[in-house]
Amino acid sequence: MRLALLLLLLGTMALGQGEDPWKRLCAQCHGERAQGVRPYPGLQGAAPLFATPEGRRYLVLVILYGKKGEGGLMPGFAQLKDEELAALLNHLKVLLQAKGDPFTPEEIRKGRGLNLTPDAVKRPEKP
Ligand code: HEC
């Protein structure tokens, strides 16, 4: 009986791991296809950000520290690994069919250590 419970638990954990991180962490607000889930914003407008250094820096800060603005409050995800955050941004890039290089874990790491609050993260004037 105990063994059955343990196997069940391990099975559930494995499922949780395999589940698409975008669906688990981002889709509740931004939707499975980044279309937005009211009252939260869709991310179509973020596509040009992937193609410029300022835009990419901003995307890294948003995912690490969150963002507060007219659209509401997004929490930061600094607790995740650099690899996971790069994968999430790259998933968004595919959803938006955005131009630009894929994010590397190294590019995420450069944004760490700033301890920004969500209202300190500002979108660049021009992406
Ligand atoms: C609790 C809801 C919520 C969750 C969960 C969430 N976001 Fe957000 N996100 C927001 C809100 C609200 C904004 C807009 C804030 C503003 O108005 O400045 C935003 C903004 C953004 C932006 C900036 C868009 C732009 O054009 O400037 C990006 C990129 C983004 N989110 C990506 C993600 C990713 C990737 C995830 C999953 C790791 C995620 N978000 C999870 C609520 C959320």
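Further up the page is the structure itself.
Residues numbered from 1 in each chain as written. Predicted model: local features only at pLDDT ≥ 70, side-chain atom pairs only at ≥ 80, totals over all residues.

Moving on, we come to the site of the ligand. C26, C29, G69, G71 and M74 are the nearest of the 24 residues found near the ligand. Of all elements in the fold, only α3 (27–30), α4 (53–65), β1 (66–69), β2 (72–75) and α5 (82–96) reach the threshold of two or more residues within the shell around the ligand. Residues that form the shell around the ligand fall into these classes: 15 nonpolar, six polar and three charged. (Near = placed C-beta within 6 Å. Helix = DSSP H or I, 4+ residues; strand = E, 2+ residues; numbered from the N terminus. Nonpolar A, V, L, I, M, F, W, Y, C, P; charged D, E, K, R; others polar.)

With that out of the way, let us pick up the nonpolar core. Most often, soluble globular proteins keep nonpolar side chains buried together rather than apart. Core analysis: the largest hydrophobic core is formed by 26 residues, its most contacted members being L59, L61, V62, I63, L85, L88 and L89. Of all the secondary structure elements, the ones that give two or more residues to this core are α4 and α5. The element best represented in this core is α4, accounting for eight residues. What L59 contacts, discounting residues up to four positions off in sequence, is L49 and L89. (Core = buried A, V, L, I, M, F, W, Y, C linked by C-beta atoms within 7 Å. Buried ≥ 20, exposed ≤ 12 C-beta atoms within 10 Å, placed from the backbone. Contact = placed C-beta atoms within 7 Å.)

What follows is about the pairing of β2. Sheet analysis places β1 next to β2, joined by four bridges and oriented antiparallel. Across the sheet, the residue bridging to G69 is G72, located in β2. What sits between the antiparallel neighbours β1 and β2 is a turn of two residues. (Pairing = 2+ DSSP bridges.)

What follows concerns unusual backbone geometry. Keep in mind that most residues, glycine aside, have a negative phi and that most peptide bonds are trans. A cis geometry characterises the amide bond from R38 onward to P39, with omega recorded as 5°. Here P39 is to be found in the loop between α3 and α4. Phi angles above zero are rare outside glycine, and Q97 is one such case at about 50°. Within the secondary structure, Q97 sits in the loop between α5 and α6 (105–109).

Relative to each other, α4 and α5 sit at 120°, their axes nearing to 11 Å. The orientation of α4 relative to α5 falls into the category oblique. Where α4 crosses over α5, the two elements pack in a sense that is right-handed. Listed contacts from α5 to L59, I63 and L64 of α4 are L85, L88 and L89. (Axes fitted to C-alpha atoms, helices over the stretch in contact; angles between N-to-C directions. Parallel < 35°, antiparallel > 145°, perpendicular 65-115°, else oblique. Left-handed = near helix turned anticlockwise from the far one by under 90°.)

Our focus in this paragraph is α5. Here α5 spans 21 Å end to end across 15 residues, near enough to the 21 Å set by a 1.5 Å rise per residue. Turning to α5, its buried residues number three or more, namely L85, A86, L88, L89, L92, K93 and L95. Each element contacted by the buried residues of α5 is listed here: α2 (21–25), α4 and α6. Of the residues trailing α5, Q97 is marked for its positive phi of about 50°. (Expected span 1.5 Å × (residues − 1).)

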